[in-house]
Amino acid sequence: MRIALTLPDGQQFEVPPGTSASEVLRLWNPTLSGSVLAAIYQDRPIDLATPLDRSGSLRPLTFEDRAGRDILQHSSAHLVAKALLETVPSALPTHGPPTDEGFFYDFDVRPLTADDLEAIRTRIQEAIHLKEPFVRRELPIDEARRLFAANPHKLRYLADTPDPVVSVYSTGSFVDLCRGPHVPDTSWLAGLHLLGVSAVHDGGREDGPMLQRIRGVGFPTVALRDQYLRQRQEAEARDHRGLAQRLELALFLEEVPGFPIWLPRGMVVVRELERYVTEHLAAAGYSEVRTPLMFPQSVFETSGHWEHYRENIFLSTVDDRVFGWKPMNCPGSMLIFRSRSRSYRELPLRWAEFAPLHRREASGTLHGLTRVREFVQDDAHLFVTEDQIEPEIRTLLEWVRSAFTTFRFEWSYELSTRPPGALGDVAQWTAAENTLRRLLEEANVPYRISPGEGAFYGPKIDIHLKDSLGRPWQTGTIQLDYQTPKRFGLEYQGADGQMHTPVVIHRTILGSWERFIGVLLEHTSGRLPPWLSPVQVRVLPIAEAHSAAAQAFLEGLRQRGIRVDRSESTESLPKRIRSAEIERIPYIAVFGDREAQDATVALRIRGTKGSLVVPVAEGIARIEGAIRSRSFDP
RNA sequence: GCCGCUGUAGCUCAGCUGGCAGAGCAGCUGAUUCGUAAUCAGCAGGCCGAGGGUUCAAGUCCCUCCAGCGGCUCCA
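Residues numbered from 1 in each chain as written. Chains lettered and ligands numbered in written order. Predicted model: local features only at pLDDT ≥ 70, side-chain atom pairs only at ≥ 80, totals over all residues. Heavy atoms only, no water.

Draft legend 1. Just the pattern of salt bridges, in detail. Throughout the structure, instances matching the rule amount to 41 salt bridges. Residue Asp462 pairs with Lys460 through a salt bridge whose shortest N-O separation is 3.3 Å. Taken as a pair, Asp462 and Lys460 share a single burial class, namely buried. By sharing partners, the salt bridges in this structure join Glu272, Arg275, Glu279, Arg563 and Arg630 into a single network. (Salt bridge = Lys/Arg side-chain N within 4 Å of Asp/Glu carboxyl O. Buried < 20%, exposed > 50% of the residue type's maximum accessible area, 1.4 Å probe, protein only.)

If you want it as structure tokens, here you go:
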């Protein structure tokens, strides 16, 4: 008797039952076998050594496949666990899944140090050289319970397993409960790189016991690892904290942790972004408001912040009353709405407020410009009728698309649903969630659902950007709120003569200037679009003799509102060019004998090679055009 | 807030098992007037994160605190 295996190209191979997956794959394509680490058999991932007993489909997996990559990451996690147990025998492994970047493995063990990691690295290298196989064994769950009797974490997983038979994998003397599959042996993990160790909360609870997490990335070869390390190094060079400092945009002082200080150049970027957003607001029917930075406790009790957000509010006592620094702008807008009677004819009311917000973020979470304690958002609150919700959100989603396209970002949407302990009733939440879902579907954009991550007053659509190391940051957000207007007792008189409660849409598009600029700096490596650049043009006379021509050009630009400066000729030309390049200035205008004589300018345009020699008027027009059109590149 | 690591000149970093605080860049002064990513010379710049302890002697060893970094929790 023989079984038939169908390969991806449709070829069939008939082999005796019990033939391993790797043997069949070798028959199919002998040259491929070196890169195949596992296989998909009947839509399920399997080890290469798995004996095949029935006819069916068979597909090879390599490191290039996401599934194959995940398998290699997971095998890497096993190897780390093995190495740790050889170093610290009392360590209890918990779980070690693959992640988007690589993998981690969490251990119940004393705090691990850099020395421990070094010892683990040595053990890993030994195992890689020994080419130790990953061996699968299936055993009855009772036997598994005896095998892992000393590890309560594994016993917990076993208790959650409905199957009567589970699988374990051994690598050398290390045995781990695991579904598999795995790479054939440890030589596949030659490029394993450890990223570090940190403490994590078991089960995601802050008050839970702490585990030690070892993170890493697996690669089948040292060459691939080195390529990864190079890329990572380049990404670190784009870190906005370094760039903000070197470009003199923002300052961080030990005295004011979490409170970024905007320097003159950084303030230019903030104001230009603000202008960009404000121009849109005017066209989209918004008006601006400004409300107090502090409110008494009673206002936050009304809004629900006191109950749900108090630990994040900075408190002050004024005349024996407790005041809180506002963490959001919504209470102020609510009070304005309530300040007089409102008619349905006024709606939608769209009030923008760019006020500083204060949030007492946990000290360990602060991160350059992207996670701070004081920031300003391009915030607005829309007071709308039921019927106006959909068109308003549709418009907002379009504005999101247009804004993030301007900056050439890749962004993603996330729909966050009702958190535990939220205000309001479940039916209304579900309806609001469904509205947002429908609008996302209608806009035909991919989105993820984050269960339980909504604001305490309503579900939201969040916009996420990634920094240079791939860490996600939430920027824009569109939040649908039925609760807060009700709590403030807001009402308007409808066409029917009855009083109705408005719905509020809280929304920011770019998020906070701080976070947005931080991520934008990493996205552009500090090469901000010309319209955002603090210095847009540097004029550079080669020698004293060319000073007048340079100055005339400078004044021509300045009259048009272009930010231009000049560097004097006490330093060499290459030195001054280099300085301007390091400062990421989009245009460098050089004046020498030729330019002075021909009434031209030699424009060095950031991101292009060589220089463009054009008549002065044309040079000015070109620069002005790029800035006015807010083009991304100079 | 939790765990680990780090903190030396404005910036990037040397400083060995405790024995006189260093370099490059940036800054200032002078010379050089230059054709597209570093001209040369000189000068200045430090409570070695803060406080306490051990020691004849602490940048170095120990403790506490502060800040930063990487994760976790939380979030624009």
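Right, picking up where we left off after that structure.
Draft legend 2. Spatial organisation of the protein's contact with RNA strand B. Close to RNA strand B lie 58 residues; Met210, Ser363, Arg371, Val372 and Gln474 are nearest. Protein-adjacent atoms of RNA strand B, using a 4 Å cutoff, are sugar or phosphate at a proportion of 53%. Take Gln377: an N or O atom from its side chain is 3.1 Å from a sugar or linking oxygen of RNA strand B. Here a phosphate oxygen of RNA strand B sits 3.2 Å away from a polar atom, N or O, in the side chain of Arg471. If you list the elements that add at least two residues to the surface near RNA strand B, you get strand S13 (193-201), strand S14 (210-217), helix H7 (240-246), strand S24 (374-384), strand S28 (472-481), helix H17 (573-582), helix H18 (593-598) and strand S35 (600-605). Considering every element that reaches the surface near RNA strand B, the biggest residue donor is H17, with six residues. (Near = heavy atom within 4 Å. Polar contact = N/O pair within 3.5 Å; in protein donor to acceptor, adjacent residues only side chain to side chain. Helix = DSSP H or I, 4+ residues; strand = E, 2+ residues; numbered from the N terminus.)

Draft legend 3. View of the layout of surface pockets. The space that makes up the second largest pocket amounts to roughly 1,000 Å³. Lining the second largest pocket we find 35 residues, and of these Arg136, Ser167, Cys178, Arg179 and Gly180 sit closest to its centre. Ranked by residues supplied to the lining of the second largest pocket, first place goes to strand S11 (residues 165-171) with four residues. (1 Å grid on protein atoms, 1.4 Å probe; cavity = no way out; pocket = protein on both sides within 12 Å on 5 of 7 lines; lining within 4 Å. Points joined across faces, edges and corners; volume = space filled by probe spheres on them.)

Draft legend 4. Representation of the side chain of Asn329 in the model. Structurally, Asn329 can be placed in the loop between strand S20 (321-325) and helix H11 (330-338). A distance of 3.2 Å separates a polar atom in the side chain of Asn329 from a polar atom in the side chain of Lys326. The residues contacting Asn329, other than those within four sequence positions of it, are Glu353, Ala355, Leu357, Asp379 and His381. (Contact = heavy atoms within 4.5 Å.)

Draft legend 5. Just the packing of aromatic side chains, in detail. With the rule as written, the count across this model stands at 21 aromatic pairs. An aromatic cluster is built from Tyr276, Trp399, Phe404, Phe407, Phe409, Trp411, Phe516 and Trp531, whose rings are joined through pairwise contacts. Cation over ring: Arg342 sits above Phe337, and NZ or CZ is 5.3 Å from the ring centre. Here the basic side chain of Arg630 rests over the ring of Trp531, its NZ or CZ set 5.0 Å away from the ring centre. (Phe/Tyr/Trp six-rings, centres within 6.5 Å; stacked < 30°, edge-to-face > 60°. Lys NZ or Arg CZ within 6 Å of the ring centre and 35° of its normal.)

Draft legend 6. Here's a closer look at the pairing of S14. In terms of strand pairing, strand S9 (residues 103-108) meets S14 through five bridges, oriented antiparallel. Residue pairing for S14: Asp106 is matched across the bridge by Arg213. Bridge count between S13 and S14: eight bridges; the pairing is antiparallel. In the sheet register, Ser198 faces S14, and the bridge partner there is Arg213. (Pairing = 2+ DSSP bridges.)

Draft legend 7. Helix H1 (residues 21-28), seen in detail. Three or more residues of H1 are buried, namely Ala21, Ser22, Val24, Leu25 and Trp28. In a view along the axis of H1, the buried residues occupy a sector of 160°, so they form one face of it. (Arc of directions from axis to C-beta.)

Draft legend 8. Focus on the sheet that holds strand S18 (residues 294-296). Read from one edge of the open sheet, three strands run S18-S20-S19, paired in antiparallel fashion. Each edge of the open sheet carries a strand with a single partner, namely S18 and strand S19 (315-318). Adjacent strand axes in the sheet meet at a mean angle of 35° when their direction is disregarded. Strand direction decides the pairing type here: S18 and S20, joined by three bridges, are antiparallel. If you follow Pro296 over to S20, its bridge partner there is Phe323. (Axes fitted to C-alpha atoms, helices over the stretch in contact; angles between N-to-C directions.)

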